[in-house]
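Here are the chains, one letter per residue:
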Amino acid sequence: MSHTEADLVQILHTGPFHLALRTALAVRGLPLQRVQHHLAHRGVKVGVTSLSYWQQGARRPQRPESLKAVRVLEEVLRLPGNSLLRLLTDDTAARSEVERPAARSYRSLVEASGSVEELLAELESPTDGGLHTVGHHERVRIGAGRELVGRESQHVVRAHRDGVDRYLAIHHGDPGCDPSRVAVRAVENCRTGRVRWHAGTGVLIAELLFDARLRAGDTYLFSYGFEDGTAGPSGEYVRGFSFAGGQYVLQVRFDEAALPVRCRRFAQASTGAPRGGRAELTLSGRHRTVHVVEQGVRPGILGVDWDWR
């Protein structure tokens, strides 16, 4: 996966060491053999195998001669002084190599959390799927009968561990939803795997299989959607976030035969918490849409609700 200079600046700040080194190598466009040559020219001998282990996270440079090599690596890769060494000596950064980012539980984000956890167990999936969101643009469609017709997502994620090759998309329909009739669409850079649902709560979980197996730090863009239309009138759309960070854009489009009289954004710390962050949203006349943009989401819930009369 390609990385930018901005990615490099961010990862040098957050770590871990192996990901920062890997990103610097990618941004500078230097193969390991070339890096080894530059190090040797400066009087430092490091094998290509060792460099490979360092960037994979299989080993960490610890001996004095290895730390000297890291200092010279900073020069070769045109990085700020001590930017890589700091990640090696920072205990917090060291722990982050084996720990996932702090996450909120489904129980605090989803009202039907029991059904979600039951379906995840059926799919033999850990609660932490190894991914967090970099950017997510979601489009929700409300039909002429005031029902949730469907929704589409363009999703950019980053892996925080190696070997991730799928994403579990959760759809929670409105009261009366028949999840057995909800269709899953894998649109771009993914394909549909296993699909499970819980009829009593209207929860459906779809496994979206990637076209690549990701390493820690890799980003991936994919698109998918759900076609619903099986429930009664809809009065809101909510999205729960387990991890902080990333941009989220929610757009709700209404059928011209069923326009709400009022729309608002809101935020919640958890499902049982009061709703705050209220703001009125203006319905566009031509496209009949409202939208919310959150530049850096925090763990919790964000949504839009509306009144029909």
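Residue positions within a chain follow its written sequence, with the count starting from 1. For this predicted model, a pLDDT threshold of at least 70 governs which residues receive local features, and a threshold of 80 or more governs which side-chain atom pairs are given and counted, while totals over whole chains, interfaces and linings are taken from all residues. Side-chain descriptors were evaluated using all non-hydrogen atoms of the structure, hydrogens and water having been removed beforehand.

## A look at the overall build of the protein chain
Alright, step 1. Only DSSP runs of H or I covering at least 4 residues are called helices, and only runs of E covering at least 2 are called strands; the numbering of each starts at the N terminus. Counting its secondary structure elements, the protein chain contains 9 helices and 13 strands.
Alright, step 2. Residue contacts are counted whenever heavy atoms from the two residues lie within 4.5 Å of one another. Taking all contacts inside the protein chain whose residues are at least 6 apart in sequence as the whole, residues at least 24 apart take part in 71%.
Alright, step 3. Counting only carbon and sulfur atoms, one obtains 48% of the accessible surface of the protein chain, whose full area is about 15300 Å².
Alright, step 4. Only four residue types enter the tally: Lys and Arg on the positive side, Asp and Glu on the negative side, with His and both chain ends excluded. Just so you know, the charge point we use is NZ for Lys, CZ for Arg, CG for Asp and CD for Glu. Of the charged side chains in the protein chain, 41 are positive and 35 negative, and the gap between their average positions amounts to 6 Å. The accessible surface values rely on the Shrake-Rupley method and a 1.4 Å probe; as for residues, cover is taken only from the protein chains in view.

## Focus: the sheet that holds strand S3 (residues 164-172)
Alright, step 1. At least two bridges found by DSSP between two strands are what make those strands a pair. Taken together, the 3 strands give an open sheet; going across it, the order is S3-S6-S5, and neighbouring strands pair in antiparallel fashion. Two strands lie at the open edges of the sheet, namely S3 and strand S5 (190-198), each paired on one side alone. The mean angle between the axes of side-by-side strands here comes to 20 degrees, regardless of whether they run parallel or antiparallel.
Alright, step 2. Note that S5 and strand S6 (residues 203-214) share 7 bridges and pair antiparallel. Within the sheet, the bridge partner assigned to Cys 190 lies in S6 and is Phe 210. In this description, a line fitted to the C-alpha atoms serves as the axis of each element, helices being fitted only across the stretch in contact, and the angle between N-to-C directions of two axes falls anywhere from 0 to 180 degrees.

## Looking at the nonpolar core
Alright, step 1. Think of a nonpolar core as a cluster: buried Ala, Val, Leu, Ile, Met, Phe, Trp, Tyr and Cys residues, connected wherever their side-chain atoms sit within 4.5 Å. Each residue's exposure class comes from its accessible area (1.4 Å probe, protein chains only) as a fraction of the maximum for that residue type: buried when under 20%, exposed when over 50%, partly exposed otherwise. Within the largest apolar cluster, 27 residues are counted, with the highest numbers of intra-cluster contacts made by Phe 17, Leu 21, Leu 39, Leu 51, Trp 54, Leu 73 and Leu 84.
Alright, step 2. Sorting the residues of this core by element identifies helix H1 (5-14), helix H2 (17-28), helix H3 (32-41), helix H4 (48-56), helix H5 (64-76) and helix H6 (83-89) as the ones contributing at least two each.
Alright, step 3. Looking at this core element by element, the count peaks at 6 residues for H2.
Alright, step 4. The residues touching Leu 39, leaving out its near neighbours within four places in the chain, are Val 44, Val 46, Leu 51, Ala 69, Val 72, Leu 73 and Val 76.

## Comments concerning the pattern of salt bridges
It is possible for side chains bearing opposite charge to pair when their charged atoms get close.
Alright, step 1. When a carboxyl oxygen of Asp or Glu is within 4 Å of a side-chain nitrogen of Lys or Arg, the pair counts as a salt bridge. Throughout the structure, instances matching the rule amount to 22 salt bridges.
Alright, step 2. A salt bridge links Arg 28 to Glu 5; the nearest nitrogen and oxygen atoms lie 3.0 Å apart. Of this pair, Arg 28 sits in helix H2 while Glu 5 sits in helix H1, and the two are 23 residues apart along the sequence.
Alright, step 3. A relative accessible area of 43% means that Glu 5 is categorised as partly exposed.
Alright, step 4. A salt bridge links Glu 227 to Arg 141; its shortest N-O distance comes to 2.7 Å. Placement of the pair is Glu 227 in strand S7 (residues 219-227) and Arg 141 in strand S1 (residues 131-142), with a sequence separation of 86 residues.
Alright, step 5. Among the charged side chains, a salt-bridge network with shared partners connects Glu 236, Arg 264, Arg 275, Arg 278, Asp 305 and Asp 307.

## Topic: the confidence of the model for the protein chain
Caution applies to low-pLDDT regions: their predicted coordinates should not be interpreted in detail.
Alright, step 1. Taken as a whole, the protein chain shows an average pLDDT of 86; of its residues, 91% reach a score of 70 or greater.
Alright, step 2. A score from 0 to 100, pLDDT tells how confident the predictor is in each residue. Per-residue pLDDT stays below 50 along residues 91-100; that stretch engages in 13 contacts with residues further than four places along the chain or on separate chains.
Alright, step 3. Every residue in residues 103-110 scores below 50 in pLDDT, and together they form 30 contacts with partners more than four places removed in sequence or on other chains.

## Considerations on the pairing of strand S2 (residues 148-159)
Note on strand geometry: in a regular strand, side chains alternate between the two faces of the sheet.
Alright, step 1. Across the 12 residues that make up S2, a large majority, 9, are buried.
Alright, step 2. In the sheet, S1 pairs with S2 via 11 bridges, with the strands oriented antiparallel. Looking across to S2, one finds that His 132 is bridged to Arg 158.
Alright, step 3. Between S1 and S2, which pair antiparallel in sequence order, lie 5 residues; one of them, Arg 146, sits at a positive phi of approximately 70 degrees.
Alright, step 4. Bridge analysis of S2 against S7 gives 9 bridges, and the strand direction is antiparallel. Paired with Ser 153 across the strands is Tyr 224, a residue of S7.

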